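Listed here are the chains, written in short residue letters.
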Amino acid sequence: MKWAGRRESTNVEDRRGFSGGGLAVGGGIVGVIVILLKVFLGGDTSDLNQVLPQGGPAKEMSAEEQKKDDERASFVKVVLADTEDVWGKLFSDAGKTYTDPTLVLFRESVQSACGMAGSATGPFYCPGDQKLYIDLSFFEEMQEHLHAPGDFAMAYVVAHEVGHHIQKLNGTSDKMDRLRRQLSEEEYNKYSVKLELQADFLAGVWAHHAQKMKNILDANDIEEALNAANAIGDDRLQKEAQGRVVPESFTHGTSAQRVYWFKKGFETGDVSQGNTFNDPSLN
């Protein structure tokens with residue numbers, strides 16, 4: 001992705017030098033992959049205090065590690081700026097006003113309006129404060145353990161979380177919150193899958209318009225995003241974590257579904273074609 005030297009968003013809270021307090025998660029993504037199945041890329045973090053282990057102080061970073069972390073921070077700020085430009089224009093074209101989300105960078109653990117969260121949850125969006133939360137070490141986990149390398153794989157993750165912000169702005173998140181209180185976990189999971197696939201679709205829509213507006217893509221960028229979507233399907237993660245697949249516990253969709261919806265968003269660029277809640281194939 002062509003990103004060096006371009007505008008970085010200022011809607012960023014850099015909390016990397018501060019402790020989230022009381023929570024330090026060890027083992028990374030692979031070590032707590034069962035948690036990932038529930039909260040990966042935008043899930044509910046409200047019960048993390050009961051699930052995640054308590055720990056000691058955060059690990060000190062070497063100068064080289066700090067440099068890489070700062071470079072990733074610059075990258076995600078550029079991606080966030082691109083989402084602001086794209087969604088600002090698309091909302092304006094529809095006669096609406098886009099409200100920018102805030103990106104929170106943290107290490108080890110963080111307090112959000114959705115509760116305490118740790119690095120192992122992966123990036124997430126909290127509707128309660130309309131903020132995206134990312135521990136940049138996640139991108140190392142993507143490359144080393146999920147086999148999803150590449151800068152545009154990282155961009156896809158950010159764009160997916162911004163997709164959840166779009167869902168907050170258009171009222172979808174609030175409807176989901178009401179459903180959560182009304183349905184059993186198994187029934188709600190079906191809606192959760194549709195919510196997550198729609199966020200994948202919206203990430204694809206962003207990529208479509210960002211390329212049109214700014215010509216940001218390098219060769220293989222979209223393949224990197226599709227590979228990342230494939231790597232984090234519920235079926236693949238469950239198979240790796242427990243050796244079997246339990247479809248009724250899916251919360252984010254299969255690898256094939258995640259690839260399909262991102263690709264559809266990228267190819268069409270048409271927000272109106274992303275109504276996953278009315279797609280009969282997802283019932």
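Up top you'll find the structure we're talking about.
Read on for a plain summary of the structure. The model shown is predicted, which means the values in this text are computed figures rather than measured ones.

Digging into the pairing of strand S3 (residues 109-112)
The sheet contact formed by S3 and strand S4 (residues 115-118) spans 4 bridges and is antiparallel. What sits directly across from Ser109, in S4, is Gly118. Between S3 and S4, which pair antiparallel and follow one another directly, the connecting turn spans 2 residues.

A word on helix H7 (residues 172-182)
Those residues of H7 not exposed but buried are Thr172, Ser173 and Met176. Taken end-on, H7 shows its buried residues confined to a sector of 90°, consistent with a single buried face. Residues Lys175, Arg181 and Gln182 are exposed on H7 and point more than 90 degrees away from its buried face. Lining the buried residues of H7 we find helix H6 (151-169) and helix H8 (185-214).

Re the nonpolar core
Taken as a class, soluble globular proteins show a tendency for nonpolar side chains to be buried jointly. Counting residues in each nonpolar core, the largest one holds 58 residues, and the members touching the most others are Trp87, Phe139, Met142, Phe152, Tyr156 and Trp206. Counting residues per element, the ones that place at least two in this core are helix H4 (63-93), strand S2 (102-106), strand S6 (131-135), helix H5 (138-144), H6, H8, helix H9 (221-231) and helix H11 (255-268).

Some details on H6
The terminal C-alpha atoms of H6, which comprises 19 residues, lie 27 Å apart, in line with the 27 Å expected from a rise of 1.5 Å per residue. Taking burial as the measure, the 19 residues of H6 include 17 buried ones, the bulk of the element. Just downstream of H6, Gly171 is the residue with a positive phi angle, here 95°.

What to know about the packing of aromatic side chains
The geometry of an aromatic ring pair is captured by two quantities: the separation of the ring centres and the angle between the planes. Throughout the structure, instances matching the rule amount to 8 aromatic pairs. An angle of 10° between the planes, with centres 4.8 Å apart, marks the rings of Phe124 and Tyr133 as stacked. The exposure class assigned to Phe124 is buried, which follows from its relative accessible area of 1%. A residue is classified by how much of its surface remains accessible, and Tyr133, at 1% relative accessible area, is buried. Taking 5.7 Å as the distance between ring centres and 70° as the angle between the ring planes, the aromatic pair formed by Phe138 and Phe139 counts as edge-to-face. Members of the aromatic cluster, joined through ring pairs, are Phe201, Tyr260 and Trp261. The ring of Tyr191 is capped by Lys194, whose NZ or CZ atom sits 5.4 Å from the centre of that ring.

Concerning the sheet that holds S2
Reading across the sheet, the 4 strands line up as S1-S2-S6-S5 and stay open at both edges, with mixed pairing between neighbours. Here the strands that pair on one side only, and so sit at the sheet edges, are strand S1 (12-14) and strand S5 (124-126). On average, each strand axis in the sheet is inclined to that of its neighbour by 25°, with strand direction left out of account. Sheet analysis places S2 next to S6, joined by 5 bridges and oriented parallel. In the strand pairing of S6, Val104 is matched with Tyr133. Across the sheet, H6 touches S5 and S6, and the angle it forms with S5 is around 20°.

Some thoughts on the side chain of Lys264
For Lys264, the position within the fold is in helix H11. For Lys264, the side chain forms a polar contact with the main-chain oxygen of Gln273, separated by 3.2 Å. Discounting residues that sit within four places of it in the chain, Lys264 has contacts with Phe201, Gly269 and Gln273.

Some words on the packing of H4 against H8
Following both chains from N to C, one finds H4 and H8 inclined at 90°, their axes separated by 9 Å at the closest point. The angle between H4 and H8 places the two elements in the roughly perpendicular class. Residues Val79, Asp82, Thr83, Asp85, Val86, Trp87, Lys89 and Leu90 of H4 touch H8, and the partners they reach there are Leu202, Val205, Trp206, His209, Ala210, Met213 and Lys214. Of the residues assigned to the contact of H4 with H8, the class counts are 9 nonpolar, 2 polar and 4 charged.

Observations concerning the pairing of S2
With 4 of 5 residues buried, S2 is to be regarded as a mostly interior element. Summarising the sheet, S1 and S2 pair through 3 bridges and their orientation is parallel. The residue bridging Glu13 from the neighbouring strand is Val104, located in S2.

A few points about the pattern of salt bridges
For the structure shown, the criterion picks out 19 salt bridges. Across the salt bridge formed by Asp93 and Lys89, the nearest N and O atoms sit 2.8 Å from each other. With Asp93 and Lys89 both in helix H4, this residue pair falls 4 residues apart, about one helical turn. Assessed through its relative accessible area of 40%, Lys89 is described here as partly exposed. By sharing partners, the salt bridges in this structure join Asp14, Arg16, Asp69, Asp70, Arg72, Arg107 and Glu140 into a single network.

Conventions used here
- Residues numbered from 1 in each chain as written.
- Predicted model: local features only at pLDDT ≥ 70, side-chain atom pairs only at ≥ 80, totals over all residues.
- Heavy atoms only, no water.
- Pairing = 2+ DSSP bridges.
- Helix = DSSP H or I, 4+ residues; strand = E, 2+ residues; numbered from the N terminus.
- Buried < 20%, exposed > 50% of the residue type's maximum accessible area, 1.4 Å probe, protein only.
- Arc of directions from axis to C-beta.
- Contact = heavy atoms within 4.5 Å.
- Core = buried A, V, L, I, M, F, W, Y, C linked by side-chain atoms within 4.5 Å.
- Expected span 1.5 Å × (residues − 1).
- Phe/Tyr/Trp six-rings, centres within 6.5 Å; stacked < 30°, edge-to-face > 60°.
- Lys NZ or Arg CZ within 6 Å of the ring centre and 35° of its normal.
- Axes fitted to C-alpha atoms, helices over the stretch in contact; angles between N-to-C directions.
- Polar contact = N/O pair within 3.5 Å; in protein donor to acceptor, adjacent residues only side chain to side chain.
- Parallel < 35°, antiparallel > 145°, perpendicular 65-115°, else oblique.
- Nonpolar A, V, L, I, M, F, W, Y, C, P; charged D, E, K, R; others polar.
- Salt bridge = Lys/Arg side-chain N within 4 Å of Asp/Glu carboxyl O.

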